[in-house]
Amino acid sequence: MNIQELDILSYLLQNKFTTQRDLAENVGYSLGVVNRSLKSLLNGEYIDKHSNPTEKALTEFEGKKVKNAVILAAGFGMRMVPINTEIPKGLLEVKGEVLIERTIRQLNSVGIKNVFVVVGFMKEKYEYLIDKFGVRLIVNPDYATKNNLYSVKCAQAHIGNSYIIPCDIYCKENPYHSYEPYSWYMVSDETSVDSTVRANRKQQLVPTQGGGNAMVGISYISNDTAKHLKQNIKLLCQNAANDGAFWESALYQNGEIITLARVVNAQNAVEINTYEQLRELDRNSNQLKNDAIKVICNALSVKPSDITDITVLKKGMTNRSFLFCTGGKKYIMRIPGEGTDMLINRREEAAVYNTLAGKNICDNIAYINPDNGYKITEFLSDARVCDPDSQDDLTKCMSRLRDFHNAALTVEHKFDIFGQIEFYESLWNGQESAYMDYKTTKANVLKLKKYIDAQPKDYVLTHIDAVPDNFMFVKTGGTEEIRLIDWEYAGMQDPHVDIAMFCVYSLYEREQIDNLIDTYFYEGCDDAVRTKIYCYIAACGLLWSNWCEYKRALGVDFGEYSLKQYRYAKDFYKIAAERLGDI
């Protein structure tokens, strides 16, 4: 049997034959193709003269019965901001139905009861599905750092005669069946510049560049195809370069795609990736009544429909932020990330912004809530961040930082480095550090406090998080100026701490650190101050290492950054100790 005959016989096994025209409409083939295929199936004794499947057809299709389904629901759904701050996108309500529940009901209606859901982000939200539908949850522990290739890897033991389904697809008509005659990957009849595949006339999926058929993401994997898929997954996952790969990369073998195409009308399978796509599909969805959207409306006196072009920004170390437009202007809304309520005093942050107001030091704040940390700032257009490898940028940034320090601004709270080291450690809830020699490293760093405390210093408002990404070069009235952003940790402190912070975030080596110190102190830096900054680098390294250990417990890992901070604690203790002698 050819593909058309397989599709038609599969349909007839699951639906009663009415007319050839009705059959053509349901399988998506022309009347001519349907007529020829029915004749061939009749001659092959797969159907009788009334187009009813025969015992031969049932025997042929016994091995093509769908066994189960795997729904991928582990990811953050970052493009779904701001909704993903409150609920995972698989649980979005669309036209009165929860998205993942609709998918499960569609599967159940064709007899597929064996459903696995791969979870990660907000995994607890999906637990009720076990009781409601009898699904089984599979936890992807790497959801925060790796893409959905690893979700499929977690479920691979169950894949074979299986559907693989993204949790964010809304299918108007049920695309699932009791039988599937071959492996396929679903694409739509619309084109997309982001697609890497196209469907040819033979229903083959062909790799392409520059766009192709929009990739819906639903797939059916037969037992035979599953063997190749699992081999490909194993090979891909052995290379860390594939941590960000989509699972579809495992469908490629020797440059070809191992499944055929299932082409559907774009209106029948809609992927919901963004707030605006949800609004377009269902303006009455409860998830559109999002707290962040309400805040924007109240703060800027606009209606929800006035908020457009919502775009996720790169997920930061502390927060989730998104860009949006309203009233002809662009804004950024910051939503605090996981566990930040334990890390940052939002009232103190608001006090800092009140002190900075009107001084052209920071970005323009349209709204800040001292209770929950929600913040709206005007977007700095035509802006760029400092390049820590550019001496010209460093010279300008250190001059700007020094001017800010010399302004000697004050607030009522301070940033206590050694107190914060202890505080972050307390958030581990009694767990030991991941570093085998942590106790020794901490004891050594604490020895440096005596020297730091003995040095003369003028406490002023200090940024604390004065890192390259927080120096924004903006053009105002034809001239370039530098604005400092992200003041979450700011407080009263020795301003020289900002120099140390810039170094540890930039992952500078010793020579680069000395160059930065000399750039800030263009008139020259005496040995005592330089040694003090080395001590700060050791202390700040331990501080952020402890911070990283807390965040890792929440499922957020910072890779090399975390390791380097711990190395700063150890290496710069040694450097300071050599300069100070017996400490």
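Residues numbered from 1 in each chain as written. Predicted model: local features only at pLDDT ≥ 70, side-chain atom pairs only at ≥ 80, totals over all residues. Heavy atoms only, no water.

**Q** Just give me the short version of the side chain of Asp7, but keep the residues and values in it.
**A** Checked against the element boundaries, Asp7 lands in helix H1 (residues 3-14). Although Asp7 is buried, it makes no salt bridge; Arg262 carries the closest opposite charge, 4.2 Å away. Separated by 2.5 Å, the side chains of Asp7 and Tyr29 make a polar contact. Those residues in contact with Asp7 that lie beyond four places of it in its chain are Val27, Tyr29, Pro181, Tyr182, Gln203 and Arg262. (Helix = DSSP H or I, 4+ residues; strand = E, 2+ residues; numbered from the N terminus. Buried < 20%, exposed > 50% of the residue type's maximum accessible area, 1.4 Å probe, protein only. Lys, Arg positive; Asp, Glu negative; His and termini not counted. Salt bridge = Lys/Arg side-chain N within 4 Å of Asp/Glu carboxyl O. Polar contact = N/O pair within 3.5 Å; in protein donor to acceptor, adjacent residues only side chain to side chain. Contact = heavy atoms within 4.5 Å.)

**Q** Just give me the short version of unusual backbone geometry, but keep the residues and values in it.
**A** Note: most residues except glycine have negative phi, and most peptide bonds are trans. Even without a glycine there, the phi angle at Asn254 is positive, about 55°. Structurally, Asn254 can be placed in the loop between strand S12 (252-253) and strand S13 (256-257). Unusually for a residue other than glycine, Asp486 sits at a positive phi of about 60°. With respect to the helices, strands and loops of the structure, Asp486 is situated in the loop between strand S24 (479-484) and strand S25 (491-493).

**Q** Could you give an account of the packing of aromatic side chains, naming the residues involved and the relevant values?
**A** Summed over the entire model, instances satisfying the criterion amount to 22 aromatic pairs. Ring centres of Tyr489 and Trp544 lie 5.2 Å apart, and the angle between their planes is 75°; on these two criteria the pair is classed as edge-to-face. Within this pair, whereas Tyr489 is found in the loop between S24 and S25, its partner Trp544 is found in helix H18 (residues 527-553), the two being separated by 55 residues in sequence. Across this residue pair, the class does not change: Tyr489 and Trp544 are buried. Note on Trp544 and Trp547: the rings are 5.9 Å apart at their centroids and 85° apart in plane angle, and the pair reads as edge-to-face. Separated by 3 residues within a single helix, Trp544 and Trp547 lie in helix H18, roughly one turn from each other. Note on accessibility: Trp544 and Trp547 belong to one class, buried. Following the ring pairs from residue to residue traces out a cluster consisting of Phe415, Phe423, Tyr424, Tyr489, Trp544, Trp547 and Phe558. One residue, Arg384, lies across the ring of Phe473, its end atom 4.0 Å from the ring centre. Here the guanidinium or amino end of Arg402 rests over the ring plane of Tyr520, the centre of that ring lying 5.8 Å away. (Phe/Tyr/Trp six-rings, centres within 6.5 Å; stacked < 30°, edge-to-face > 60°. Lys NZ or Arg CZ within 6 Å of the ring centre and 35° of its normal.)

**Q** Could you give me a rundown of the sheet that holds strand S11 (residues 212-221), with the residues and numbers involved?
**A** With mixed pairing, the 7 strands of this open sheet are ordered in space as S5-S4-S1-S6-S11-S8-S14. Looking at which strands have only one partner, the edges of the open sheet turn out to be strand S5 (136-139) and strand S14 (260-264). Sheet twist, expressed as the mean angle between neighbouring strand axes with direction ignored, is 30°. Pairing analysis gives 5 bridges linking strand S1 (residues 68-73) to strand S4 (residues 115-119), with the strands arranged parallel. (Pairing = 2+ DSSP bridges. Axes fitted to C-alpha atoms, helices over the stretch in contact; angles between N-to-C directions.)

**Q** Outline the pattern of salt bridges, supporting the account with residue identities and numerical values.
**A** For the coordinates displayed, the defined rule picks out 32 salt bridges. Taking the shortest distance from any N to any O, the salt bridge between Glu488 and Arg346 comes out at 2.8 Å. Of this pair, Glu488 sits in the loop between S24 and S25 while Arg346 sits in helix H12 (residues 346-356), and the two are 142 residues apart along the sequence. Across this residue pair, the class does not change: Glu488 and Arg346 are buried. Put simply, Glu509 and Lys564 hold a salt bridge, and the shortest N to O gap is 3.4 Å. Pair noted here: Glu509 is in the loop between helix H16 (496-505) and helix H17 (510-520) and Lys564 is in helix H19 (residues 560-580), with a separation of 55 residues, a long-range link. You can call Lys564 buried: its relative accessible area is 19%. A single salt-bridge network, built from bridges that share partners, covers Glu97, Glu101, Arg102, Arg105 and Lys132.

**Q** Give me the lowdown on helix H10 (residues 291-300), citing residues and values where you can.
**A** Those residues of H10 that fall on the buried side of the exposure criterion are Ala292, Ile293, Val295, Ile296, Cys297 and Leu300. Within two residues after H10, Ser301 carries a phi angle of roughly 55°, on the positive side.

**Q** Can you break down the sheet that holds strand S21 (residues 384-385) residue by residue, with the values?
**A** A sheet is described by the order of its strands in space; here 3 strands give the open sequence S21-S23-S24, paired in antiparallel fashion. Single-partner strands in this sheet number two, and they are S21 and S24. Summarising the sheet, S21 and strand S23 (residues 471-476) pair through 2 bridges and their orientation is antiparallel. Bridge pairing in S23 places Arg384 opposite Phe473.

**Q** Provide a residue-level description of the nonpolar core, including the pertinent values.
**A** One finds Leu356, Ile417, Phe471, Trp487, Ile513, Ile537 and Trp544 to be the most contacted residues of the largest nonpolar core, which totals 79 residues. The residues touching Leu356, leaving out its near neighbours within four places in the chain, are Ile361, Cys362, Phe404, Leu409, Leu461 and Trp487. Among the nonpolar cores identified, the runner-up in size contains 77 residues, and Ile71, Ile112, Val264 and Val302 belong to it. (Core = buried A, V, L, I, M, F, W, Y, C linked by side-chain atoms within 4.5 Å.)

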